[in-house]
Amino acid sequence: MSQQTVHEPNSAKDQIRQTRIQKLADLADKGVNPYPYKFVKTAEAAELQDKYKDLPAGEETDDVYSVAGRVMAIRNTGMFIDLMDASGKIQIFSHKENLPENLIKVLKLVDIGDIVGFTGTIRRTPRGELSIKSTSLELLSKSLLPLPEKHHGLTDVETRYRQRYVDMIVNEDVRKTFQARSLIIQKIREYLAKEGFLEVETPILQTMASGANARPFTTHHNALEMDLTLRIALELYLKRLIVGGVSERVFEIGKCFRNEGIDTRHNPEFTMIELYQAYADYNDMMTLTENMVAWVAQEVLGTMKIKYGENEIDLTPPWDRKTMLGSIKEATGVDFMEIYGAEQAIEAARNLNVHVEDTMNWGQVVEAVFEEKIEPSLIQPCHIIDYPREISPLAKVHRDNERLTERFETRVNGWEIANAFSELTDPIDQRMRFEAQARAKAAGDEEAMDIDEDFICALEYGMPPTGGMGMGIDRLVMLLTDSPSIRDVIAFPTLKKRS
């Protein structure tokens, strides 16, 4: 990043930067390398705070530790420093009685934002602050740019997302969110491992966009002289692995890419988990989904009852199950199962003041009515089951109604967080569904799927009855960390280029 992108010439920030560059020269005169290669830490701040939590005020120990972190505050010309590492903060007490004169001179060149290592003994000040009484220090990285002012902080949302590293330095809650994200993903893996799932990897570069209705990103492979897409879903390759018998239970956590709009719940690059279990159906997937989310919440947060915004949400299984068409009928009085044609469905939707297009089929109209009239009210977790066949090209036909499929979407706080099926395993039916998608694409639907001949070939070798589920990791992290935007849980979200 060029200097001009992080500060304005002749600004206060630039003046501070020039002052700090001069300090680099002063350090060099003293034989100090401000960017050394290594420092051996023997403890972290949180570890010491816990270990010595019962040390009385005014007491000292002979226990010696080496800590390192970023200087967040300096008081009394360096006698007291607040040092922050990834675990938390600890105070450093430095005095000429304990530090040699050459290090006192180095200490005077330390600024807020510098990364410094200190070695010393543990004491608790008369005021009760756990501290390290330093006997040596080493400058580990000289910060040339100042941190945001303490009382104003980094409040500009645009800057927070563009310079996430600064956001993390100055905002503890941001660090905690990304630590929680890591733990959530870790716990998902733990849960699935104990359930017998095998973690696998599948291609990101693919010859066609498949597994979902979405516009892909395209690229070109020069050596092969062929166009490729970035995957929009993990689905079809994972199903190939079920066909191949590598395991009866597989999952993948990975990045997917959809060339679509950006809002508080959508980012073009996002993280998904998809899993598939042979000899299971969508009822099994409902049980697995709610049990996994509840277990992860308990492990990460210590409770299954969470707060998101103003809502109290209880994740304790079992979760409610509602049919899509039944919920519409209950809320609006309109029974779309008594409506067979697209034209009649469109008229019924417009009578409910729902915007629909003339080109929509019956299933798309039902989905539009549901999303506008029902979805926002679904705060407590529930599974919306039995989706129209026209909008579910990869799901098995419902065993009791051929107009529907055995598909559910899990809704929490009015959002979709999971999508799952009794997977379609009939290759002839799958070809017909793909052909319908291809016709829709030819008619102008840019999100419709192409015909994946290799996947149909895999199905023709035989795929066992299978339940599958996909979940957006980013939305789950939003939910469990009470984060208002998907950008708050993606470390480096996609942003428009600055002009």
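Here the structure is shown first, and the text comes after it.
Report on the accompanying structure. (Residues numbered from 1 in each chain as written. Predicted model: local features only at pLDDT ≥ 70, side-chain atom pairs only at ≥ 80, totals over all residues. Heavy atoms only, no water.)

Some thoughts on the overall build of the protein chain
Next up, step 1: A tally of regular secondary structure across the protein chain gives 15 helices and 20 strands.
Next up, step 2: Dimensions of the protein chain, computed from C-alpha atoms along their principal axes, come out at roughly 90 × 50 × 50 Å.
Next up, step 3: Burial status across the protein chain gives 50% buried among its 499 residues.
Next up, step 4: Excluding contacts between residues fewer than 6 apart, the proportion of contacts in the protein chain whose partners are at least 24 apart in sequence is 66%.
Next up, step 5: As displayed, the protein chain has an accessible area near 24,500 Å², and 49% of this comes from carbon and sulfur atoms.
Next up, step 6: Of the side-chain charges in the protein chain, 60 are positive and 80 negative, and the distance between the mean point of each set is 8 Å. (Helix = DSSP H or I, 4+ residues; strand = E, 2+ residues; numbered from the N terminus. Buried < 20%, exposed > 50% of the residue type's maximum accessible area, 1.4 Å probe, protein only. Contact = heavy atoms within 4.5 Å. Areas by Shrake-Rupley, 256 points an atom, 1.4 Å probe, with all protein chains shown as cover. Lys, Arg positive; Asp, Glu negative; His and termini not counted. Charge placed at Lys NZ, Arg CZ, Asp CG, Glu CD.)

Some words on the pattern of salt bridges
Next up, step 1: Summed over all chains, the structure comprises 36 salt bridges.
Next up, step 2: A single salt-bridge network, built from bridges that share partners, covers R20, K23, D111, D114 and K142. (Salt bridge = Lys/Arg side-chain N within 4 Å of Asp/Glu carboxyl O.)

Quick look at the packing of aromatic side chains
Next up, step 1: A full pass over the atoms with the stated rule returns 5 aromatic pairs.
Next up, step 2: When the ring of Y52 is compared with that of Y65, the centres are 6.1 Å apart and the planes differ by 75 degrees; the resulting orientation is edge-to-face. Of this pair, Y52 sits in the loop between α3 (45–51) and β1 (60–75) while Y65 is found in strand β1, placing the two residues 13 residues apart along the sequence.
Next up, step 3: The class of Y52 is buried, set by a relative accessible area of 8%.
Next up, step 4: Among the residues examined, Y65 registers a relative accessible area of 11% and is labelled buried.
Next up, step 5: The residue whose ring lies beneath R123 is F93, and the NZ or CZ to ring-centre distance is 4.8 Å. (Phe/Tyr/Trp six-rings, centres within 6.5 Å; stacked < 30°, edge-to-face > 60°. Lys NZ or Arg CZ within 6 Å of the ring centre and 35° of its normal.)

Considerations on the packing of helix α10 (residues 324–332) against helix α12 (residues 362–373)
A packed helix pair is summarised by two numbers, namely the angle formed by the two axes and the spacing between the axes.
Next up, step 1: Interhelical geometry of α10 versus α12 gives an angle of 55 degrees and a closest axis separation of 10 Å. Classified by the angle their axes make, α10 and α12 are oblique. The handedness of the crossing between α10 and α12 is left-handed. Of α12, the residues touching α10 (which contributes M324, L325, S327, I328 and T332) are W362, V366, V369, F370 and K373. (Axes fitted to C-alpha atoms, helices over the stretch in contact; angles between N-to-C directions. Parallel < 35°, antiparallel > 145°, perpendicular 65-115°, else oblique. Left-handed = near helix turned anticlockwise from the far one by under 90°.)

Side note on helix α8 (residues 235–244)
Next up, step 1: Taken as a whole, α8 has its buried residues at E235, L236, L238, K239, R240 and I242.
Next up, step 2: For α8, the secondary structure elements touched by its buried residues are β10 (249–257), β11 (269–278), β19 (415–422), α13 (427–442), α14 (453–460) and β20 (466–472).
Next up, step 3: At the exit of α8 stands G245, carrying a positive phi of roughly 75 degrees.

Examining the sheet that holds strand β7 (residues 205–206)
Next up, step 1: Ordered in space as β7-β9-β8, the 3 strands form an open sheet in which the pairing is antiparallel. A strand with exactly one partner marks an edge of an open sheet, and here the two such strands are β7 and β8 (218–221).
Next up, step 2: Sheet analysis places β8 next to strand β9 (residues 226–230), joined by 4 bridges and oriented antiparallel. Residue pairing for β9: T218 is matched across the bridge by T229. (Pairing = 2+ DSSP bridges.)

Observations regarding the pairing of strand β17 (residues 401–405)
Next up, step 1: Direction of pairing for strand β16 (residues 397–398) relative to β17: antiparallel, over a ladder of 2 bridges. Looking at the pairing, V397 lines up with T405 of β17.
Next up, step 2: Counted along the chain from β16 to the antiparallel partner β17, the turn is 2 residues long.

Comments concerning the sheet that holds strand β5 (residues 130–141)
Next up, step 1: Strand order in this closed barrel of 5 strands is β1-β2-β3-β5-β4, and the pairing throughout is mixed. Strand-to-strand twist across the sheet, computed as the mean angle between neighbouring axes with direction ignored, equals 50 degrees.

With respect to unusual backbone geometry
Next up, step 1: With an omega dihedral of -5 degrees, the bond running from P317 to P318 counts as a cis peptide bond.
Next up, step 2: Among the secondary structure elements, P318 is positioned in the loop between β13 (311–314) and β14 (320–323).
Next up, step 3: You will see that T77, though not glycine, has its phi angle at about 50 degrees, which is positive.
Next up, step 4: Unlike most non-glycine residues, N413 shows phi in positive territory, near 60 degrees.
Next up, step 5: Residue position: N413 is located in the loop between β18 (407–412) and β19.
Next up, step 6: We classify N413 as buried; its relative accessible area is 11%.

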